[in-house]
Amino acid sequence: MNRNPEEPDTLPEDIAARARRLLGELVRPQLRGYALLIGLLAAFGLGNAIGPVFIARALDEGIPGAVAGDTWALMSPLLVFVLITGLTGLFDFASTRLTGTLAQRLMVALRRRLFDHVQRLGIGYHEKSTSGRLVARQTSDMENIQIFLSGSLQEMAIGLSTMGVIAVALLVMDWRLALVIFAGFVPLLWVSIAANRAQRRNQRRTRTAIARVIVQFVETMGGIRAVQSFRRERTNERRLAAEDAKYREATAASLRNVGWFAASTRWIGNLSMAGVLFTGGWLVMGDGLQVGVLTAFLLYVRRFYGPLDELVQAFTMYQSAQAALEKVTAVLDAEPEVVEPSVPVRLPSRSGSGNGGAALGAGAAPPPAGEVRAGRTVSFSGVSFSYAGGETVLPEFDLTIPAGQTVALVGQTGAGKSTLVKLLARFYDPTGGTIRLDGVCLRDLADAQLRQSVVMVTQESYLFGGSIGDNIRIGRPEATDAQVRAAAEAVGLAPFVARMPDGYDTDVKKRGGRLSSGQRQLVSFARAFLADPDVLVLDEATAHLDIPSERQVQAALATVLEGRTAVIIAHRLSTVEIADRVLVMEHGEIVEDGAPGDLITAGGRFAGLHAAWEESRA
Ligand SMILES: Nc1ncnc2c1ncn2[C@@H]1O[C@H](COP(=O)(O)OP(=O)(O)OP(=O)(O)O)[C@@H](O)[C@H]1O
């Protein structure tokens with residue numbers, strides 16, 4: 001399996017075989033349709049090929065018969081010819097329609113499969129692989145496969161079946177002339193094999209080159225603000241031009257190959273024609289071959305080599321589609337780094353109130369003294385971690401966070417705070433050791449239960465197209481409007497929504513572009529609160545908020561964090577004030593652990609950080 005998320009330009013050796021297997025899997029559910037298609041194409045090829053037999057009959061028997069007064073002798077083969085060509089047209093229509101339908105179905109299945117798979121690939125894959133490459137797979141590569149399946153494949157099948165039927169007809173009519181034509185096959189085969197090899201190489205290069213062009217485009221558009229702010233336009237233009245040049249080069253090589261292939265096949269066809277005329281003329285003179293048979297032969301030779309031009313085109317598209325399918329296969333072969341267990345373990349049911357969203361604005365009753373009402377116990381035992389191929393970020397460490405506790409993680413940039421919470425949300429699995437939730441290893445939990453139990457809010461605050469209400473409801477799709485409003489009120493989003501033209505129905509526009517980054521952050525807060533998880537992770541989640549908004553969120557946090565376990569990463573120490581416990585991290589290790597007041601009194605690193613923060617506020 002290809003585990004390299006970068007999906008290198010040099011694909012694994014057996015990729016062609018794997019792509020064929022994938023195609024087989026996609027074709028299997030529609031085998032009947034394909035069988036019917038083969039029947040229609042064979043009928044079309046037969047009809048197409050059999051016509052000249054009746055023209056020969058009209059010439060050799062019909063005209064002499066008509067001259068002798070028997071008009072029917074000429075009419076009957078012509079009528080059959082008209083009937084056969086009419087039927088052939090029907091077969092052509094039916095096979096074209098069916099090809100289109102089958103191609104569409106296959107493409108939809110492939111597109112869905114790719115989309116579903118890519119969505120499920122781990123964060124590790126997406127952090128390393130550029131989204132532009134995946135866009136190339138879903139657009140340009142898919143388009144190439146589609147063009148081949150819905151057009152070129154049919155041309156190829158018709159061309160080949162016509163040639164097959166004609167070959168038989170030629171043998172029946174005159175085997176000596178037929179052999180002259182077949183002799184052309186030897187150089188034709190040699191040329192085809194050579195062109196096939198070169199074309200496969202060229203098309204793989206072309207696919208890679210176009211993907212790079214798309215990557216450039218997607219990255220530029222994704223970071224358009226940074227591009228314009230730092231005047232990167234020229235640099236990006238130069239980069240795109242360089243990628244375009246590579247694409248041009250790859251395409252030119254492919255076209256050169258098609259050019260010489262087409263020219264060689266045509267020349268071979270013309271040589272065959274000359275050979276048939278020469279041998280046929282000689283046979284007419286010396287062996288009594290009828291002129292009508294020779295005429296039919298010449299018509300056949302034209303029909304025999306006629307589809308070759310289309311075959312050359314179809315063959316180019318075939319190679320392009322094959323290269324595209326290989327690229328798609330490589331993505332489909334990438335395995336999720338975080339694997340769901342085949343037999344998941346369920347978390348024990350939570351003590352106290354369930355996930356009813358009781359905290360949302362309603363103000364939950366405090367737990368009886370000494371009892372933790374809800375939340376889950378989080379434990380790290382002998383956990384170590386390093387990103388793929390990288391240095392150790394977290395050396396072996398142990399940590400237990402009792403249910404219901406709010407822990408603040410502080411430490412310098414790069415200390416490993418985000419890495420620790422990414423492990424807790426199981427975006428990655430630890431390199432060593434075990435992380436447990438109420439004693440159950442995260443690896444043993446069903447994905448759905450894990451995502452329900454641990455929710456992470458980051459400073460990214462990604463909003464999807466749709467209304468503010470839709471975006472909050474992502475936290476819990478079945479939530480009522482009242483619950484959505486309660487969540488918004490809890491985090492201080494409600495006054496802002498009230499000022500929007502359509503309230504909760506206001507469209508947030510692309511990626512929430514209509515909202516300020518602070519407002520987007522409040523929406524993702526509301527979303528997380530509505531989700532009502534057992535464990536809430538806030539990674540710099542208040543970074544974009546102004547001081548009043550942050551205060552408001554903090555006031556809400558006191559209510560919302562109650563009854564659940566929370567891990568908060570914050571550079572602004574104001575957030576730490578609501579924590580029961582502070583962990584100071586340095587180089588992936590926990591160097592201080594205690595209640596905020598105790599740590600300040602102890603005068604260690606946290607006390608230093610706190611003093612500096614107090615000073616900055618003064
Ligand atoms: N996806 C990744 N691939 C490889 N290395 C990574 C990745 N993400 C983080 N790192 C590395 O892991 C180390 C810890 O990073 P992490 O983001 O956990 O730090 P942090 O304490 O959260 O920093 P900050 O406060 O700046 O957010 C850093 O050295 C960083 O370079």
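This is a predicted model, so every value here is computed, not measured.

**Notes on the side chain of Gln216**
Residue position: Gln216 is located in helix α7 (residues 185-222). Excluding residues within four positions of it along the chain, Gln216 makes contact with Asn236, Arg239, Leu240 and Glu243.

**Brief notes about the packing of aromatic side chains**
All told, the structure shown has eight aromatic pairs when counted by the stated rule. The interplanar angle of 70 degrees and the centroid separation of 6.1 Å between the aromatic rings of Phe182 and Phe185 together place this pair among those described as edge-to-face. For Phe185, a relative accessible area of 35% translates into the label partly exposed. Cluster of aromatic residues (ring-pair linked, three or more members): Phe385, Tyr387 and Tyr428.

**Observations regarding the domain arrangement of the protein chain**
Under the domain assignment used here, the protein chain contains domain 1 (15-185 + 268-333) and domain 2 (378-617). Taking the mean C-alpha position of each, domain 1 and domain 2 sit 61 Å from one another. In this complex, domain 1 contributes four residues to the contact, which on the side of domain 2 involves four residues. When the buried surface of domain 1 facing domain 2 is broken down by residue, Ile123, Glu127 and Lys128 rank first, second and third, together holding 84% of it. In this assembly, domain 1 and domain 2 are joined by zero salt bridges. The interface formed by domain 1 and domain 2 contains zero residue pairs in polar contact (both at pLDDT 80 or more). Residues belonging to the side of domain 1 that touches domain 2 are distributed by class as follows: one nonpolar, one polar and two charged.

**Focus: the site of the ligand**
Close to the ligand lie 13 residues; Glu127, Gly414, Lys417, Ser418 and Thr419 are nearest. Ser418 places a polar side-chain atom, nitrogen or oxygen, 2.8 Å from an oxygen atom of the ligand. Considering each element in turn, the shell around the ligand owes the most residues, three residues, to helix α11 (residues 417-424).

**Observations concerning the nonpolar core**
If you look at the biggest cluster of nonpolar residues, it comprises 64 residues, and the most contacted ones within it are Leu110, Ile145, Ile181, Phe297 and Tyr305. Counting residues per element, the ones that place at least two in this core are α1 (15-27), α2 (31-67), α3 (71-120), α5 (131-173), α6 (175-183), α7, α9 (233-287) and α10 (291-333). Element by element, the count of residues in this core is highest for α10, at 19 residues. With sequence-adjacent residues up to four places away left out, Ile181 is seen in contact with Leu170, Ser272, Val276, Phe297, Val301, Phe304 and Tyr305.

**Quick notes on the UniProt feature "transmembrane region" (unreviewed entry) in the protein chain**
According to UniProt, the positions carrying the feature "transmembrane region" (unreviewed entry) are residues 34-59, 71-91, 147-171, 177-195 and 276-301. Secondary structure across residues 147-171 comprises 100% helix and 0% strand; the distance between its end C-alpha atoms is 35 Å. Between the C-alpha atoms that bound residues 177-195 the distance is 28 Å, and the span itself is 95% helix and 0% strand.

**Observations concerning the sheet that holds strand β2 (residues 392-401)**
Pairing is antiparallel in the open sheet, where four strands are placed in the order β2-β1-β4-β5. Sheet topology places β2 and β5 (440-441) at the edges, where each strand pairs with a single neighbour. As defined by bridge partners, strand β1 (residues 378-386) adjoins β2 across six bridges and the pair is classed as antiparallel. In the sheet register, Ser386 faces β2, and the bridge partner there is Thr392. Contacting β1, β2 and β4 (432-437), α11 crosses the sheet at an angle of about 120 degrees to β1.

**Digging into the sheet that holds strand β9 (residues 581-586)**
If you trace the six strands from one edge of the open sheet to the other, you get β6-β7-β8-β3-β9-β10, paired in mixed fashion. The open sheet has two edge strands, β6 (454-458) and β10 (589-594), and neither has a second partner. Within the sheet, the average angular offset between the axes of one strand and its neighbour, ignoring direction, is 20 degrees. Summarising the sheet, strand β3 (residues 406-411) and β9 pair through five bridges and their orientation is parallel. In the strand pairing of β9, Val407 is matched with Arg581. Where helix α16 (residues 517-531) meets the sheet, its contacts fall on β6 and β7 (535-539), and the angle it forms with β6 comes to roughly 175 degrees.

**Regarding α6**
Taken residue by residue, α6 has Leu177, Ala178 and Ile181 as its buried positions. Looking down the long axis of α6, one finds its buried residues gathered within 105 degrees of arc, a one-sided arrangement. Among the structural elements, α5, α7, α9 and α10 are those in contact with the buried residues of α6.

**Brief notes about the packing of α3 against α5**
Helix-helix packing is described using two parameters, namely the angle between the two axes and the distance between the axes. Two numbers describe how α3 lies on α5: the axes approach to 10 Å, and their chain directions differ by 160 degrees. With respect to α5, the axis of α3 lies roughly antiparallel. Note that α3 runs across α5; the crossing there is right-handed. Among the residues making up the contact of α3 with α5, the classes are represented as twelve nonpolar, eight polar and three charged.

Conventions adopted
For every chain, the first residue of its written sequence is number 1, and the numbers climb from 1 along that sequence. pLDDT decides what is reported in this predicted model: residues at 70 or higher carry local features, side-chain atom pairs at 80 or more are listed and counted, and totals for whole chains, interfaces and linings draw on all residues regardless. Calculation of side-chain values draws on the structure's entire complement of heavy atoms; hydrogens and water are dropped beforehand. Counting from the N terminus, the helices are DSSP H or I runs at least four residues long and the strands are E runs at least two residues long. Residues are treated as being in contact if the distance between any of their heavy atoms lies within 4.5 Å. Paired rings are identified among Phe, Tyr and Trp, the last through its six-membered ring, by centres lying within 6.5 Å, and are further divided according to the angle between planes into stacked (under 30 degrees), edge-to-face (over 60) and tilted (the rest). Each residue is placed in one exposure class: buried if its accessible area under a 1.4 Å probe, protein chains only, is under 20% of its type's maximum, exposed if it is over 50%, and partly exposed if it falls in between. Where a domain begins and ends is set by an automatic assignment or by a domain database. Buried area: the sum, over both parts, of the accessible surface (1.4 Å probe) that disappears when the two are put together. A pairing counts as a salt bridge when a side-chain nitrogen of Lys or Arg comes within 4 Å of a carboxyl oxygen of Asp or Glu. We define a polar contact as two N or O atoms separated by no more than 3.5 Å, with the added condition that, inside protein, one atom must be a possible hydrogen donor and the other a possible acceptor, whereas residues neighbouring each other in sequence contribute only through side-chain atom pairs. Residues are grouped as follows: Ala, Val, Leu, Ile, Met, Phe, Trp, Tyr, Cys and Pro are nonpolar; Asp, Glu, Lys and Arg are charged; every other residue, Gly included, is polar. We call a residue near a molecule or strand as soon as one heavy atom of that residue lies within 4 Å of the molecule or strand. What we call a nonpolar core is a set of buried Ala, Val, Leu, Ile, Met, Phe, Trp, Tyr and Cys residues that are connected through their side-chain atoms within 4.5 Å. UniProt positions are given in the numbering used here, feature names are shortened, and annotations may be inferred rather than shown by experiment. A pair of strands counts as paired when DSSP detects no fewer than two bridges linking them. Here the axes come from fitting lines to C-alpha atoms, over the contacting stretch only for helices, and the angles between their N-to-C directions go from 0 to 180 degrees. This arc corresponds to the set of directions leading from the helix axis out to the C-beta atoms. Every angle not falling under 35 degrees, over 145, or within 65 to 115 is termed oblique; those three ranges are roughly parallel, roughly antiparallel and roughly perpendicular. Crossing handedness is read from the near helix: turned anticlockwise from the far helix by less than a right angle, it gives a left-handed crossing, and turned clockwise, a right-handed one.

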